[in-house]
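# Topology and contacts: notes
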Amino acid sequence: MTLSPLPLTPLRRRLLLVSLLTVSFLGALDHTIVSTSLSTIAGELGALQQMSWVVVSYTLAATVSLPLIGKLADSLGARRIFLASLVLFILASVACGFAQDMIQLTAARVVQGLSSAGLQLMSQTIVASVTTPRERPRLLSIIGVAFPIAILVGPVLGGVITDTLGWHWVFWINVPLGLAALVLAIVAIPPISGQVRGRFDVVGAVTFTIAMVALVLAVTATVDGFGLTTIILLGLAAVAFTVFFIVEGRVEDPFVPLRLFRNRTVGITLSAIIGIGLFSVVSYIPTYIQMAYRTTATVSGLVPIATVLGMLVASLATGFLASRSGRYRRFAIAGTSIAASGLGIMALLPIGLPLWVPMLVMGLVGIGTGAFMSLVVAVVQSAVPREQTGSVTATINLVRQVGATTGTAVIGAVIGIGILARLPESLNPSTLTPELVRGLSLELQTEVAGVYGAVMAPVFAALALTYAVGIVAAILLPSGRLSDEQPPAHPSEPDSESPVIEPQNQAA
């Protein structure tokens, strides 16, 4: 027996899409808009040394809360969690703007990060609840454009708002947009029922939170070197994860249903590759371009812009094509292959080529990643019954976020160690800036460029191999087409293959 998607009129569906796109953009924007106002915020609050916590607190809260939010959605219904998250996000944005010191701002940012995770996760979960698997790639790709657009406009918008209205409005801008989205959501989102669960897994929730907080803090601390603090945090994470896995194997209703990993490993692997392979390296591309190609900060931003634009266009294109045909495996294979080739080329590019060359190559990496970024979510959602949609969507996002966080820290540490080992003794790594490099002699500029090229080449090569693993994972995806039917509400075999992917011979 199959369930039809929750009915929506064409007008109500459009309103729903506008509401979900708006809140997804707000949640993604808060990752990027704050970056250009950080120094102003820290200076006015008198806490320059704690400046990083404005970002870390938000990211940490968003990461560790994902499984809890997914589980609450399965129990209480995605609509309730979405509306509660949106209200909480608006209130937290108001509190951020009124913060009088760094402690108040950090506390408000924790709440804002938690509610932002709810908005992002519930947007994807609601799409799964009101559409068939065949329709999901198209709608998820439309909602997914919020993230690349936020990357493009966030830093510029944050700078303009800070210079004209003050840093408080970086947060207060969420209020009118959030209220408009709230009204649309109340009208457009239909009731989505949850399923009464067993006893809440308190031990699993606590140990998972401790493990994730310790892990994220550990990888964040590695940016400043692998010291005693990092060792202690990694040890704590290892102990907490050990207890967590023991507990999850024994409780009736685990905090993170590990059985979802059994037949969803391929899709989850692809999600991790997106976090490790793209999101982590984009953070360091501007610095690499400034140092190796001796450009200004403004010009260096053209390379990640090309990457993000490629990701945006490919995500929309493959989303629409997959919804039209139901085919998805070919896009994952092509996407991982293109991205792996692009990163392999970056590893081989000689320093000194025109800037349009790395722009073009990183644009290919963006196209490759965008080709399967939204499809992974749709395919994995289609492999579970409706009452588990929140949990499996949370798992996909969690793996991607942990991959990005871990990858960013590891790449940062590798770059830092490599630069320190290769720089000429006459240069101080702690004070080396692009502006300083451009003022050096041509010989030293060339030497510094060579150092950065030598350090980044193996990084690009390692990321190309990561995507090569993705090619294998994409080939292992089940063949066939996404169905026009919803999965059964209570399947007799909860760990069986997806009931909403039609076999190849049936799809012909």
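Parameters at a glance
Residues numbered from 1 in each chain as written. Predicted model: local features only at pLDDT ≥ 70, side-chain atom pairs only at ≥ 80, totals over all residues. Heavy atoms only, no water. Helix = DSSP H or I, 4+ residues; strand = E, 2+ residues; numbered from the N terminus. Buried < 20%, exposed > 50% of the residue type's maximum accessible area, 1.4 Å probe, protein only. Contact = heavy atoms within 4.5 Å. Areas by Shrake-Rupley, 256 points an atom, 1.4 Å probe, with all protein chains shown as cover. Phe/Tyr/Trp six-rings, centres within 6.5 Å; stacked < 30°, edge-to-face > 60°. Lys NZ or Arg CZ within 6 Å of the ring centre and 35° of its normal. Salt bridge = Lys/Arg side-chain N within 4 Å of Asp/Glu carboxyl O. Core = buried A, V, L, I, M, F, W, Y, C linked by side-chain atoms within 4.5 Å. Axes fitted to C-alpha atoms, helices over the stretch in contact; angles between N-to-C directions. Parallel < 35°, antiparallel > 145°, perpendicular 65-115°, else oblique. Nonpolar A, V, L, I, M, F, W, Y, C, P; charged D, E, K, R; others polar. Patch = residues over 30% accessible without salt bridge, like charges linked within 9 Å, V, L, I, M, F, W, Y side chains within 5 Å. Expected span 1.5 Å × (residues − 1). Arc of directions from axis to C-beta. pLDDT = per-residue confidence, 0-100.

### What about the overall build of the protein chain?
- For the protein chain, the count of helices and strands is 22 helices and two strands.
- The buried share of the protein chain, taken over its 508 residues, is 55%.
- Restricting the contact set of the protein chain to residue pairs at least 6 apart, pairs at least 24 apart contribute 84%.
- If you sum the accessible surface of the protein chain, you get close to 21,100 Å²; carbon and sulfur atoms cover 69% of it.

### Topic: the packing of aromatic side chains
- As enumerated under the stated definition, the model contains eight aromatic pairs in all.
- Relative to F245, the ring of F244 lies with its centre 5.3 Å away and its plane at 65 degrees, an arrangement referred to as edge-to-face.
- With relative accessibility at 2%, the residue F244 sits in the buried group.
- Under the relative-accessibility criterion, F245 is labelled partly exposed at 47%.
- Ring geometry for Y288 against Y293: centres 6.2 Å apart, planes inclined by 85 degrees, an arrangement best described as edge-to-face. Y293 matches Y288 in its accessibility class, with the two residues each being buried.
- Three or more aromatic residues link up through ring pairs in this structure, and these residues are F208, F241, F244 and F245.
- The lysine or arginine in question, R138, covers the ring of F320, its NZ or CZ lying 6.0 Å from the ring centre.

### Looking at the environment of L91
- Turning to its location among the elements, L91 is positioned in helix α5 (residues 78–98).
- Sequence separation of L91 and V111 is 20 residues, and the distance between their C-alpha atoms is 9.1 Å.

### Comments concerning the pattern of salt bridges
- In total, this model carries one salt bridge according to the counting rule given.
- R13 is the partner of E135 in a salt bridge, and the nearest nitrogen-oxygen pair spans 3.1 Å. One end of the pair, E135, is in the loop between α6 (102–130) and α7 (136–144); the other, R13, is in helix α1 (residues 10–32), and 122 residues separate them in sequence.

### Quick look at the nonpolar core
- F82, L86, M122, I126, Y288, F460 and Y467 are the most contacted members of the largest nonpolar core, which totals 114 residues.
- When neighbours within four sequence positions are excluded, L86 is seen to be in contact with V23, L119, G178, A181 and L182.
- Residues V34, A42, L45 and L105 belong to the second largest nonpolar core, which totals 19 residues.

### Things to note about the packing of α1 against α7
- With their axes 8 Å apart at the nearest point, α1 and α7 run at an angle of 40 degrees to one another. Relative to α7, α1 is oriented oblique. Judged by residue contacts, R13, L17, L20, L21 and S24 of α1 engage L139, I142 and I143 from α7.
- Taken together, the residues of the contact of α1 with α7 sort by class into six nonpolar, one polar and one charged.

### A look at the environment of D201
- Here D201 is to be found in the loop between α10 (174–188) and α11 (202–221).
- Judged by its relative accessible area of 5%, D201 falls in the buried class.
- Expressed as a C-alpha distance, the spacing of D201 and V256, which sit 55 residues apart in the sequence, is 9.2 Å.
- Setting aside chain neighbours within four positions, we find D201 in contact with V247, E248, V251, D253, P254 and F255.

### Some words on a nonpolar patch on the surface
- Taken together, the side chains of L68, L72, L76, F200, V202, V206, I210 and L236 present a nonpolar region at the surface, about 630 Å² in accessible area.
- Contributing elements (two or more residues each) for the nonpolar patch: α4 (66–76) and α11.
- Structurally, V206 is set in helix α11.
- Judged by relative accessible area, V206 falls into the partly exposed class, the value being 43%.

### Thoughts on α10
- The end-to-end C-alpha distance of α10 is 20 Å, a good match for the 21 Å that 15 residues give at a rise of 1.5 Å each.
- Buried within α10 we find N174, V175, G178, A181, L182, A185 and A188. Down the axis of α10, the sector holding all buried residues measures 160 degrees, keeping them to one side. Turned more than 90 degrees from where α10 packs its buried face, P176 and V183 sit exposed.
- Tucked inside the fold, the buried residues of α10 contact α1, α5, α6 and α9 (168–172).

### A closer look at the packing of α7 against helix α8 (residues 146–164)
- Following both chains from N to C, one finds α7 and α8 inclined at 15 degrees, their axes separated by 5 Å at the closest point. Considered as vectors, α7 and α8 are oriented roughly parallel to each other. Residue-level contacts link I142, I143 and G144 of α7 to A146, F147 and P148 of α8.
- Counted by class, the contact of α7 with α8 contains five nonpolar, one polar and no charged residues.

### Observations regarding the side chain of T207
- Among the structural elements, T207 can be located in helix α11.
- Dropping the residues within four chain positions of it, T207 is found in contact with A240, V243 and F244.

### Some remarks on the confidence of the model for the protein chain
- When pLDDT is averaged along the protein chain, the result is 80, and 85% of the positions lie at 70 or above.
- Ranking the helices and strands of the protein chain by mean pLDDT puts helix α17 (residues 329–348) first, with 93, and helix α22 (residues 504–507) last, with 41.
- For the stretch residues 488–500, pLDDT sits under 50, and the model shows 32 contacts to residues farther than four places along the chain or on other chains.

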